[in-house]
Amino acid sequence: MDYMKQADQVLMKTYNRFPVVFEKGEGVYLYDIEGKKYLDFAAGIAVFALGYGNETYKQALKDQIDKILHTSNLYYNVPAINAATKIVNTTGMGRVFFTNSGTEAIEGALKVARKYAYKKEKREDYEFIAMYHSFHGRSQGALSVTGNEKYQEGFVPEGCRAVFANFNDLEDVISKVNDKTCGIICEVVQGEGGIYPGDKEFLEGLRRLCDEKDIVLIFDEVQCGMGRCGAMYAHELYGVKPDVMALAKALGCGVPVGAFVTSSKVSDVLVPGDHGTTYGGNPFATAAVSVVYDLYDELNIVDHVNEIGAYLYDELEKLADKYACIKEHRGIGLMQGLEFHGPVSSIVKKALEKGLVIISAGANTLRFIPPLVIEKEHVDEMTAILSSVIEEVMA
Ligand SMILES: *Cc1c(COP(=O)(O)O)cnc(C)c1O
């Protein structure tokens, strides 16, 4: 309790935090400073894909700490080269730029699209088309394409906002393309907006549209990528390739790192002087990325997600059938949501009290984004707690 009081004095009040101080994690469980155990179905917001305390992961980081943490991008470093090679090999895309966060990966992606258009016409009044209910981050650039008034208000002036279209409505997007459009950005599966998977025809349509107009297609896979949806990258499930993809969250499994990855069409658009970062791609962060890719291979994470994701899907269907307060069940792999007829904040709070960490996506949707290493027994443990919470809270 003392910690929480202290936090209220010294940390900026940009979050309404839950009254828990987490101290450590083991596998798919978290422990607070009083030693209470929690089953984790949030993974630090889709970050801890490998769960907590993987020995290989920890050893790789310790080894890197013993060598060097940071060099700057004025020089080469081996972990960044290795990590980028793994990303290029698994995506079939062209080049990688490492950032420190998802937001920065989006910033970079937007710059690639602008520069690609600028090189052709030397204009500066380019626009993006983005989707309602999207989330791309909190910097001014990322906010400008985030389709949520609540986040934009007071920070992004009307004229600096993207043109917004309805997700999964191709006609709406087509009707909004004009000669200023330099790029289209969307999540393959919308996360914060409420767990809405893209439709195949929609994403294919965006691809065709971007090819026809010679504009840049950006997929934000910060949340839905890295195996979460049952493919290494969610767009593989649709057979649609972006020109730029943004990654972060599970990319470093806890070490802050993001990346934007370019297809060969736009890989050489940014040239020396166009973009940079002091920390981005430092040897510590990229050593994490590198070992994450190795462990995904070794543990067959993608296959595991398909197996457990299907099980979670069935179990959540049962809940949706059983409780009238549940409106809809959506999602793929280990990125699923249950939309309720009203706000889920009381469920989230009560679940935490009962030792289940789960978060919402938007006001009315419970979001299931556990560590990708969970097993069926953890799904059962979760549904048991959740059922009792629903019965208590919704009674
Ligand atoms: C979390 C998230 C971001 C922002 O990433 P940060 O690391 O918080 O900057 C961007 N896009 C999506 C889809 C996200 O889920």
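Calculation rules
- Residues numbered from 1 in each chain as written.
- Predicted model: local features only at pLDDT ≥ 70, side-chain atom pairs only at ≥ 80, totals over all residues.
- Heavy atoms only, no water.
- Phe/Tyr/Trp six-rings, centres within 6.5 Å; stacked < 30°, edge-to-face > 60°.
- Helix = DSSP H or I, 4+ residues; strand = E, 2+ residues; numbered from the N terminus.
- Buried < 20%, exposed > 50% of the residue type's maximum accessible area, 1.4 Å probe, protein only.
- Lys NZ or Arg CZ within 6 Å of the ring centre and 35° of its normal.
- Polar contact = N/O pair within 3.5 Å; in protein donor to acceptor, adjacent residues only side chain to side chain.
- Contact = heavy atoms within 4.5 Å.

Engineer: Explain the packing of aromatic side chains to me, using residue names and the numbers behind them.
Structural biologist: Each aromatic ring pair is specified by the distance between its two centres and by the angle formed by the two planes. Applying the stated criterion to the full structure yields six aromatic pairs. With a centroid separation of 5.1 Å and an interplanar angle of 85°, the aromatic rings of Phe22 and Tyr38 are classed as edge-to-face. Taken together, the positions of Phe22 in strand 1 (residues 22-26) and Tyr38 in strand 3 (residues 37-40) put the pair 16 residues apart, joining distant regions of the chain. Relative accessible area serves as the criterion here: at 36%, Phe22 is assigned to the partly exposed category. Here Tyr38 falls in the buried class, since its relative accessible area comes to 3%. Residue placement shows Lys24 over the ring face of Tyr31; its charged tip is 5.1 Å from the ring centre. The ring of Tyr196 has Arg330 lying over it, and the distance from NZ or CZ to the ring centre is 3.9 Å.

Engineer: Got a sec to walk through the side chain of Gln190? Specific residues and values, please.
Structural biologist: Looking at where Gln190 falls in the secondary structure, it is placed in strand 8 (residues 189-190). A polar side-chain atom of Gln190 sits 3.1 Å from the main-chain carbonyl oxygen of Tyr132. Once residues lying within four places of it in the same chain are set aside, the contact partners of Gln190 are Met131, Tyr132, His133, Ser134, Phe167, Ile195, Tyr196 and Met335.

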